[in-house]
Amino acid sequence: MEKLGFHKVGNNPAPGYPSINHNQPLNRGLPPSANFPRMQLKTEQCKNNSAILVNRVAVNPNDFRGVDDNTAVILDGIVVYHILKSDDVTPGYIGLGGDTRKWGAWSYEQPVVVEPYSRFPIAPLGSIDLSIEFRSKKKAHGNPVNHDDLIVQFQRTYMNQILQPTQPIIMDYAGDLFLLKVISVQAIDIASGAGNNLADVTVSTDLGTKGMLIKDTIVNFYPEEGALINLTKSSNSKSKSISNKPRANPIINPDFKLESMGIGGLDKEFSQIFRRAFASRIISPDLVEKLALRHVKGLLLFGPPGTGKTLIARQIGKMLNVKEPKVVNGPEMLSKYVGASEENIRNLFKDAEQEYKQKGENSQLHIIIFDELDSVFKQRGSAKSDGTGVGDNVVNQLLAKMDGVDQLNNILIIGMTNRLDLIDNALLRPGRFEIQIEISLPDEKGRKDILLIHTKKMKENDLLAKDVNFDELAVLTKNFTGAELEGLCNSATSFAINKFTKSDSIAKVDENISKMKLTRNEFLLALNEVKPAFGVNEEDLTKSSPHGIIQFSPRVGQIFDQGQSFIEEVKVSETERLISILLYGPPGSGKTAIASTLALNSDFPFIKMLSAESLVGMSEPAKIQAIDQIFRDVYRSPLNILVIDKIETIINYNPIGPRFSNDIFQMLKVNLTRKPPGGRRLLIIGTTSQYTALKHMDGLDGFTKTIPVNHITKLDELKKVMEKVGFMSEHERAQILQQLSDVFSASNNQFDMEDSHTNTNTFSQLSIGIKKLLQVLMNSQYLKADVDGVVQNILEAHI
């Protein structure tokens, strides 16, 4: 503040510091101010240049009796000027220069509201940037115009005036008339104590920012784009001006606000896009040259469908002061005519090339948005290409335009794809699509933000009930994309409307529909209708354990403790971002139920199941492609779980031979050990009933831990299962256990007397899977079997 002319003061000042005396007027050369009634004047042209050359508006003295000359007034509540009293002005009129009328969009005889500008304290200007050009191009010349002398003249002429961005000023310097335009200002908020460090004060280009020019204001002049002015500075000048020239066309729209974009849950990604793609474009061209920066020309957004890639690309155009973005769909570039596809690519760059030739670095930024990029720009010379050569030529043409011999610095290409792996590698190197940002599934906070965006109008119009809890909905919509969340809101709305359709005709609505409100129940109904495309619905996982987990043995608890420890390790470990465990045991021992329950209890945001049932009917190449896509899907979230159920069935294992699909098996082996990208974490839980076969195939090397899951082998374990599911009465359960005990005892005695290989109808020990046992018990219950019947059914399942 001291360097702006304000002295340090205090209520109890130390020696050397002045104190404040409120009884004395503060006189810092401020322009006079006055209170006069709000009036309406008509506009007219100034009769002479006396007011124009000092940046004032001319008024008739009779209209401003008792008001000091040079008083600050505000016109139409928007722009501030100082008055110059002149008898040349018609009473009831205000004299404005032509540039002032053009700036304020005032025509002759148009009424203008004039009132005193009474804001106090007036913010002093820390700095002001102005563009300069000759007022008349016919009188332009190439003689040197000294920058430092311009500053001295500007300070002398307009000292203590209130200035604002975009304001035009006519200045007389050495016999030449120059048109100045205020580019930006730094207005110091005195009340906040700012000003000790100008770097902390925001530079504003907003018309609403106003400040007073003082002797310590830093003034910078920059030639207007295309101006024929030879602006020089003295060899001993300390000014920072010319070497730090701002852009003629600021790239960021000054009234842009991130919250107005309607993008929820992508703040981090959007900040990354801005930092990487636009940071070099907001600083001055001179500084870009000094830093040897190369503008980013390509930005690639990839991720699953519906996550907001296209929305981000389209909304970027709103935040930028650029040409209208060209939006093209990838397949639209292709043509059946020879050379036409390449011509379509060249046409996209034609406007940018022409402007760059004319204006160079002052050219506006041209944005080209490519949707479905993978459909056209596939790997050249591979099976992924189209095989005709047209696709290769299109890729070559785009490569040449993005970073070829004739480089353009005024283009930015935004590509979007769901399959990054299909795109030609040459397009992904620096200089082309060097920024690759994954737009993944939103997290819980992001899902809440998206839901709030889609229900904003409902809330504003009081159509949302108070029982709607968006924190609850964010938890319930795990694995939902942004598009699916929008679909959820639409579905909830349809349920709400349906309550007001007339019973006699579904095409008519009840007159009480004006009282409609969306409640929590409508959203819960919509959750049953709208399902996420990624991950596994909890309903699918719970099908594997309809009776829950029955801990019939301490071993079951130990398995869950081991599984939970691996879940925690994946979640917090600095090194182990990939862990895979294998649950093995005989069929029906509960491996799938344990794996599914572990996954559900993990609270990981993304859970996926790869099962043999989901691959039924597919050819081997189709299975490989489906498995590959599943492994790509499980990297969509920071924390992921993949359940691979019945591995032997997935690889088409056949014990007769034995035979299996080596291609599918090798794909699984590779993915079991491949680290998740981008710091993601993955827990794989596999299940198999063919442990020995996998061991012989070297299929166990990829697993961090193998855990056995055993059958029910003890009558006490059978007793716990029956009690857990409430099967029969306690007396009947005791009879069942007693009969089974007698059978096993008799079998053991018979084994002592006979060769067990010759007797296939004896049982030395109970051995039955939990899944099979539950099926027997439920079947016996519905058949209303007695104790003998239940024992017989258990023994048959045991065989």
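Each remark here, short or long, concerns the structure printed above.
How each quantity is defined
Residues numbered from 1 in each chain as written. Predicted model: local features only at pLDDT ≥ 70, side-chain atom pairs only at ≥ 80, totals over all residues. Heavy atoms only, no water. Helix = DSSP H or I, 4+ residues; strand = E, 2+ residues; numbered from the N terminus. Polar contact = N/O pair within 3.5 Å; in protein donor to acceptor, adjacent residues only side chain to side chain. Core = buried A, V, L, I, M, F, W, Y, C linked by side-chain atoms within 4.5 Å. Buried < 20%, exposed > 50% of the residue type's maximum accessible area, 1.4 Å probe, protein only. Expected span 1.5 Å × (residues − 1). Arc of directions from axis to C-beta. Pairing = 2+ DSSP bridges. Axes fitted to C-alpha atoms, helices over the stretch in contact; angles between N-to-C directions. Contact = heavy atoms within 4.5 Å.

Undergrad: Any chance you could explain the side chain of Gln-186 here in plain terms?
TA: Considering the arrangement of structural elements, one finds Gln-186 in strand S11 (residues 176-187). A distance of 2.6 Å separates a polar atom in the side chain of Gln-186 from a polar atom in the side chain of Ser-127.

Undergrad: For this particular structure, what's the right way to read the nonpolar core?
TA: One broad rule of soluble globular proteins: the nonpolar side chains tend to lie buried together. Counting residues in each nonpolar core, the largest one holds 49 residues, and the members touching the most others are Val-721 and Ile-736. Counting 32 residues, the second largest nonpolar core, distinct from the first, contains Leu-441, Ala-626, Ile-630 and Met-667.

Undergrad: Before we go on, may I ask you to explain the environment of Lys-357 in this structure?
TA: Within the secondary structure layout, Lys-357 lies in helix H6 (residues 340-359). Under the relative-accessibility criterion, Lys-357 is labelled exposed at 75%. A sequence separation of 51 residues divides Lys-357 from Leu-408, and the C-alpha atoms of the two residues are 9.4 Å apart.

Undergrad: Explain helix H23 (residues 787-798) here, please?
TA: Since the α-helix turns once every 3.6 residues, residues separated by three or four places project in the same direction. With 12 residues, H23 ought to run about 16 Å at 1.5 Å a step, and its terminal C-alpha atoms sit 16 Å apart, in line with that. Of the residues making up H23, those classed as buried are Val-787, Val-790, Val-791, Ile-794, Leu-795 and His-798. End-on view of H23: buried residues confined to an arc of 135°, all on one side of the axis.

Undergrad: What exactly am I supposed to notice about the sheet that holds strand S10 (residues 168-173) here?
TA: Paired through backbone hydrogen bonds, the strands of a sheet run either parallel or antiparallel to each other. Strand order in the open sheet formed by 4 strands is S10-S11-S7-S13, with mixed pairing between adjacent strands. Edge positions in the sheet fall to S10 and strand S13 (218-223), since each has one partner strand and no second. Going from strand to strand, the sheet's axes swing by 35° on average, the running direction of each strand aside. Across 9 bridges, the pairing between strand S7 (residues 125-134) and S11 is antiparallel. Bridged to Glu-133 within S11 is Leu-179. Sitting on the sheet, helix H2 (residues 147-158) touches S7, S10, S11 and S13, and the angle it makes with S10 is about 115°.

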